[in-house]
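Per-entry structural report
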Amino acid sequence: MIAYDLIGQTPLVLLEYFSDENVKIYAKLEQFNPGGSIKDRLGKYLVETALEAGEIQQGDTIVEATAGNTGIGLAMAANRFGLQCKIFAPYGFSEEKISIMTALGADVCRTPQHEGMIGAQQQAKAYAQQYDACYMNQFETARNPQTYHDTLAPQLINAVPQMDYCVAGIGSGGTFTGLAQYLKSYDVQCYAVEPEGSILNGGAKHSHATEGIGSEKWPQFLKRQLVDGIFTIKDKDAFNNVKLLAMKEGLLVGSSSGAALQGALELKENMTHGTIVVIFPDGSDRYMSKQIFNYKETK
């Protein structure tokens, strides 16, 4: 086995502190992918399917807009198959992710923070058109949810066949959509998580400290009938859960994982019994410069 083959081979653990005899909460720890996040799965799938379809070949350049984790996954896959990787990343996100992408050989172009991810997408698409590169288009391609439908969802069913609920954050919407498309056939209810400042529950768009999730518009491939409910999570609750997971479970996770746990806990409040599986997308190590364990509310 080589390191690349470890992508997708992540553990599922019981959260003892947050479970009780009636309601069990399990967490899928995607930080144990080689690149440190769930988006390793996406980078691998996008590159391999593009190669199989003849859309790219060795020596070509792939292009993407990302805050970091997808770029890391793409850079790893690009190295595996002899491709060049160009990333457009807004200022304001974790600098650790930028450093990791650069270390993996990606050419990272920073875009204005006030333009957000939409601005980064526009620049990435324009670059791909100008230089005849392959725009991976994670926010719109059906290959994004297909990644998780084909890999993550079957793993969850195999590990927890008695699953009643699945809770996952929404950024591009790919993880949630792929999971829900698969899990619905097993009568699993699927709940989405977003931070305050995301628009899925009808709230106003504004900045938030929770990274990796949150949408400025409804994701293109997310069908509303797949969503059994949406939890909109305060930054302070997400970051408090990050600290609790470290102290009570020995898990060092990112703020999107803290938000996902909060959604699971709010779901648990209305349950008498059952099993919840929650997705933890990445670890805390790439957010140390953002003081992830010392969050202070600014408003």
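Residues numbered from 1 in each chain as written. Predicted model: local features only at pLDDT ≥ 70, side-chain atom pairs only at ≥ 80, totals over all residues. Heavy atoms only, no water.

Two modes of strand pairing occur in sheets, parallel and antiparallel, and in both the strands are linked by backbone hydrogen bonds. Spatially, β1-β2-β10-β7-β8-β9 is the arrangement adopted by the 6 strands of the open sheet, whose pairing is mixed. The two strands at the open ends of the sheet, each matched to only one other strand, are β1 (12-14) and β9 (229-233). Going from strand to strand, the sheet's axes swing by 25° on average, the running direction of each strand aside. Direction of pairing for strand β7 (residues 165-169) relative to strand β8 (residues 189-195): parallel, over a ladder of 5 bridges. Within β8, the position partnered with cysteine 166 by the bridge is cysteine 190. Helix-sheet contacts for helix α9 (residues 255-268) involve β2 (23-29), β7, β8, β9 and β10 (274-280), and the interaxial angle to β10 is about 165°. (Pairing = 2+ DSSP bridges. Helix = DSSP H or I, 4+ residues; strand = E, 2+ residues; numbered from the N terminus. Axes fitted to C-alpha atoms, helices over the stretch in contact; angles between N-to-C directions. Contact = heavy atoms within 4.5 Å.)

Turning to the side chain of arginine 286, a few remarks are in order. Relative to the elements of secondary structure, arginine 286 occurs in the segment after β10. Here arginine 286 is buried and forms no salt bridge, its nearest opposite-charge partner aspartate 285 lying at an N-O distance of 4.1 Å. Polar contacts involving the side chain of arginine 286 include one to the main-chain carbonyl oxygen of glycine 35, which spans 2.7 Å. Here the side chain of arginine 286 touches asparagine 69 through a polar contact of 2.6 Å, side chain to side chain. Each residue touching arginine 286, except ones within four places of it in the same chain, is listed here: Gly35, Gly36, Ser37, Asn69, Ile72, Ser94, Glu96, Lys97 and Ile100. (Buried < 20%, exposed > 50% of the residue type's maximum accessible area, 1.4 Å probe, protein only. Lys, Arg positive; Asp, Glu negative; His and termini not counted. Salt bridge = Lys/Arg side-chain N within 4 Å of Asp/Glu carboxyl O. Polar contact = N/O pair within 3.5 Å; in protein donor to acceptor, adjacent residues only side chain to side chain.)

On to the pattern of salt bridges, then. One side chain can pair with another of opposite charge once the charged atoms of both are near each other. Across all of its chains, the model carries 10 salt bridges by this definition. Aspartate 20 is the partner of lysine 268 in a salt bridge, and the nearest nitrogen-oxygen pair spans 3.0 Å. On the criterion of sequence distance, the pair formed by lysine 268 in helix α9 and aspartate 20 in the loop between β1 and β2 is long-range, its members being 248 residues apart. The buried category is assigned to lysine 268, whose relative accessible area is 18%.

This paragraph deals with the UniProt feature "domain: Tryptophan synthase beta chain-like PALP" (unreviewed entry) in the protein chain. As annotated by UniProt and renumbered to match this structure, "domain: Tryptophan synthase beta chain-like PALP" (unreviewed entry) occupies residues 5-282. Along residues 5-282 one finds 38% helix and 19% strand; the C-alpha atoms at either end are 18 Å apart. (UniProt positions renumbered as here; feature names shortened; annotations may be inferred.)

Attention shifts here to the pairing of strand β3 (residues 61-65). The buried fraction of β3 is high, at 4 of 5 residues. Inspection of the sheet shows β3 paired to strand β4 (residues 84-90) by 5 bridges, in the parallel sense. From the neighbouring strand, valine 63 faces β4, where its bridge partner is lysine 86. In this region the chain leaves β3, passes through helix α2 (residues 69-80) and returns to the parallel neighbour β4; the handedness of that crossover is right-handed. (Right-handed = clockwise from strand over helix to strand, strands pointing away.)

Right, let's get into α2. In this model, α2 (12 residues) spans 17 Å end to end at C-alpha, consistent with the 16 Å of a helix rising 1.5 Å per residue. Counting buried residues along α2, 10 of its 12 residues qualify, which places the element largely inside the surrounding structure. Those residues of α2 not exposed but buried are Asn69, Thr70, Gly71, Ile72, Gly73, Leu74, Ala75, Met76, Ala77 and Ala78. Packed against the buried residues of α2 are α1 (39-52), β3, β4 and α3 (95-103). With its phi angle positive at about 70°, glycine 82 sits one or two positions after the end of α2. (Expected span 1.5 Å × (residues − 1).)

One recurring pattern in soluble globular proteins is that nonpolar side chains are buried together. Core analysis: the largest hydrophobic core is formed by 52 residues, its most contacted members being Ile62, Met163, Phe176, Leu179 and Leu183. Looking at which element gives the most residues to this core, the answer is α2, with 6 residues. In terms of domain composition, this core takes at least three residues from each of domain 1 (2-37 + 141-290) and domain 2 (39-135). Once residues within four sequence positions are removed from consideration, leucine 179 is found in contact with Tyr148, Leu152, Ala153, Leu156, Cys166, Ala168 and Ile279. By size, the runner-up hydrophobic cluster in this structure holds 31 residues, among which are Phe18, Leu245, Ala259 and Ala260. (Core = buried A, V, L, I, M, F, W, Y, C linked by side-chain atoms within 4.5 Å. Domains from an automatic or database assignment.)

Burial of β10 is extensive: 7 of the 7 residues sit out of reach of the surface. Residues Gly274, Ile276, Val278 and Phe280 of β10 are buried on one face, and the alternating residues Thr275, Val277 and Ile279, pointing to the opposite face, are buried as well. Of the strand pairs in this sheet, β2 and β10 are connected by 7 bridges, and their pairing is parallel. Across the sheet, the residue bridging to valine 23 is glycine 274, located in β10. Two elements, β7 and β10, share 3 bridges in a ladder whose sense is parallel.

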